[in-house]
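So the chains spell out like this:
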Amino acid sequence: MTYNDQVKTITTKRLLLRLFQESDADTVAKLCNNYEIYKNTMYLPFPYERDHALVWMERHLENFLADKAYEFAITDRKSGELFGAIALSNSPSFHHGELAYWIGEEYWGNGYATEAAEAMIEFAFKEKQLHKVFARFFSTNPASGRVMEKIGMEKEGMLKEHVRKKNRYVDLVYYGIINK
């Protein structure tokens, strides 16, 4: 993982994590306007439209510069193709952050979430000096938990029927990793 503070990018073997641009809005809308993505995410609306993407991206740079949250587009390092998004919140008073991500369905199974998440953990610990990073996922989405396990996170617990999604209650599973 290589972080470039000047242009706010993280480079991995295959990926370039970069700030979102207005020109990404159509692709974000296309990827997120997918019921499979919606049902596995906490806050994405469905249907998802271009305006949702624009509103979502509106404060990314401001939040980044204020050390509140770091939201990156997950893109192919060579072609620039947009695969998804990854974010790290920052809670300075607790020295921890929350990791969250989504990958467009057509890109599932390629290891992009794992590679991006691994880079974000390194960014959190080396660049932002966080003590801990945590993440959560719906128990109905075990693939997200596998990503967390692959990057060294450990299961910390489950909140039973904690979130209402699609008119039913879903368990929320928490994972975490400590900067040693």
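Attention here is on the structure that accompanies the text. (Residues numbered from 1 in each chain as written. Predicted model: local features only at pLDDT ≥ 70, side-chain atom pairs only at ≥ 80, totals over all residues. Heavy atoms only, no water.)

**Comments concerning the sheet that holds strand E6 (residues 96-103)**
Strand pairing within a sheet occurs via backbone hydrogen bonds; the two strands may be parallel or antiparallel.
Alright, step 1. Here 9 strands make up an open sheet; going across it, the order is E1-E2-E3-E4-E5-E6-E7-E9-E8 and the pairing mixed. Edge positions in the open sheet fall to strand E1 (2-4) and strand E8 (154-165), since each of these has one partner strand only. Averaged over neighbouring strand pairs, the angle between their axes works out to 25 degrees when direction is ignored.
Alright, step 2. Examined bridge by bridge, strand E5 (residues 82-89) and E6 share 5 bridges and lie antiparallel to one another. Of the residues in E6, the one forming a bridge with isoleucine 86 is tyrosine 101.
Alright, step 3. In the packing of helix H1 (residues 25-32) onto the sheet, contacts are made with E5 and E6, and the angle to E5 comes to roughly 90 degrees.
Alright, step 4. Here helix H5 (residues 112-127) sits on the sheet and contacts E1, strand E2 (9-11), strand E3 (15-18), strand E4 (69-76), E5, E6, strand E7 (132-138) and strand E9 (168-178); the angle it forms with E5, its principal contact strand, is near 30 degrees. (Pairing = 2+ DSSP bridges. Helix = DSSP H or I, 4+ residues; strand = E, 2+ residues; numbered from the N terminus. Axes fitted to C-alpha atoms, helices over the stretch in contact; angles between N-to-C directions. Contact = heavy atoms within 4.5 Å.)

**Section: the nonpolar core**
Nonpolar side chains in soluble globular proteins tend to be buried together.
Alright, step 1. Residues Leu17, Ile86, Leu99, Met120, Val133 and Met153 are the most contacted members of the largest nonpolar core, which totals 52 residues.
Alright, step 2. Counting residues per element, this core draws most heavily on H5, which supplies 10 residues.
Alright, step 3. Those residues in contact with valine 133, other than ones at most four positions away along the chain, are Leu88, Gly97, Leu99, Ile121, Ala124, Phe125, Met153, Tyr175, Gly176 and Ile177. (Core = buried A, V, L, I, M, F, W, Y, C linked by side-chain atoms within 4.5 Å. Buried < 20%, exposed > 50% of the residue type's maximum accessible area, 1.4 Å probe, protein only.)

**What to know about the packing of aromatic side chains**
Alright, step 1. For the structure shown, the criterion picks out 13 aromatic pairs.
Alright, step 2. When the ring of tyrosine 35 is compared with that of phenylalanine 46, the centres are 5.6 Å apart and the planes differ by 75 degrees; the resulting orientation is edge-to-face. Linking tyrosine 35 in helix H2 (residues 35-39) with phenylalanine 46 in the loop between H2 and helix H3 (50-57), this pair joins segments that are 11 residues apart in sequence.
Alright, step 3. Taken together, the aromatic side chains of Tyr3, Phe64, Tyr70, Phe72 and Phe123 make up a single cluster linked through ring pairs. (Phe/Tyr/Trp six-rings, centres within 6.5 Å; stacked < 30°, edge-to-face > 60°.)

**So, unusual backbone geometry**
Alright, step 1. Here the residue pair phenylalanine 46 and proline 47 is connected by a cis peptide bond, since its omega of 0 degrees sits within 30 degrees of zero.
Alright, step 2. Along the chain, proline 47 turns up in the loop between H2 and H3.
Alright, step 3. Of note in this structure, lysine 166 is not a glycine but carries a positive phi near 55 degrees.
Alright, step 4. Relative to the helices and strands, lysine 166 is located in the loop between E8 and E9.

**As for the pattern of salt bridges**
Alright, step 1. Throughout the structure, instances matching the rule amount to 11 salt bridges.
Alright, step 2. Across the salt bridge formed by glutamate 98 and arginine 136, the nearest N and O atoms sit 2.6 Å from each other. Within this pair, whereas glutamate 98 is found in strand E6, its partner arginine 136 is found in strand E7, the two being separated by 38 residues in sequence.
Alright, step 3. With relative accessibility at 24%, the residue arginine 136 sits in the partly exposed group. (Salt bridge = Lys/Arg side-chain N within 4 Å of Asp/Glu carboxyl O.)

**Examining H1**
Alright, step 1. Listing the buried residues of H1 in full gives Ala25, Val28, Ala29, Leu31 and Cys32. What you see down the axis of H1 is that its buried residues fit within an arc of 165 degrees, all on one side.
Alright, step 2. Buried residues along H1 sit against H2, H3, E5 and E6. (Arc of directions from axis to C-beta.)

**Here's the deal with the layout of surface pockets**
Alright, step 1. Looking at the largest pocket, its volume works out to about 1,200 Å³.
Alright, step 2. In terms of lining residues, the largest pocket is bounded by 43 residues, among which Asn40, Thr41, Ala100, Tyr101 and Trp102 are the most central.
Alright, step 3. Elements represented by at least two residues in the lining of the largest pocket include exactly H2, H3, E4, E5, E6, H5, E7 and helix H6 (142-150).
Alright, step 4. Of the residues that constitute the lining of the largest pocket, the class distribution is 27 nonpolar, 10 polar and 6 charged. (1 Å grid on protein atoms, 1.4 Å probe; cavity = no way out; pocket = protein on both sides within 12 Å on 5 of 7 lines; lining within 4 Å. Points joined across faces, edges and corners; volume = space filled by probe spheres on them. Nonpolar A, V, L, I, M, F, W, Y, C, P; charged D, E, K, R; others polar.)

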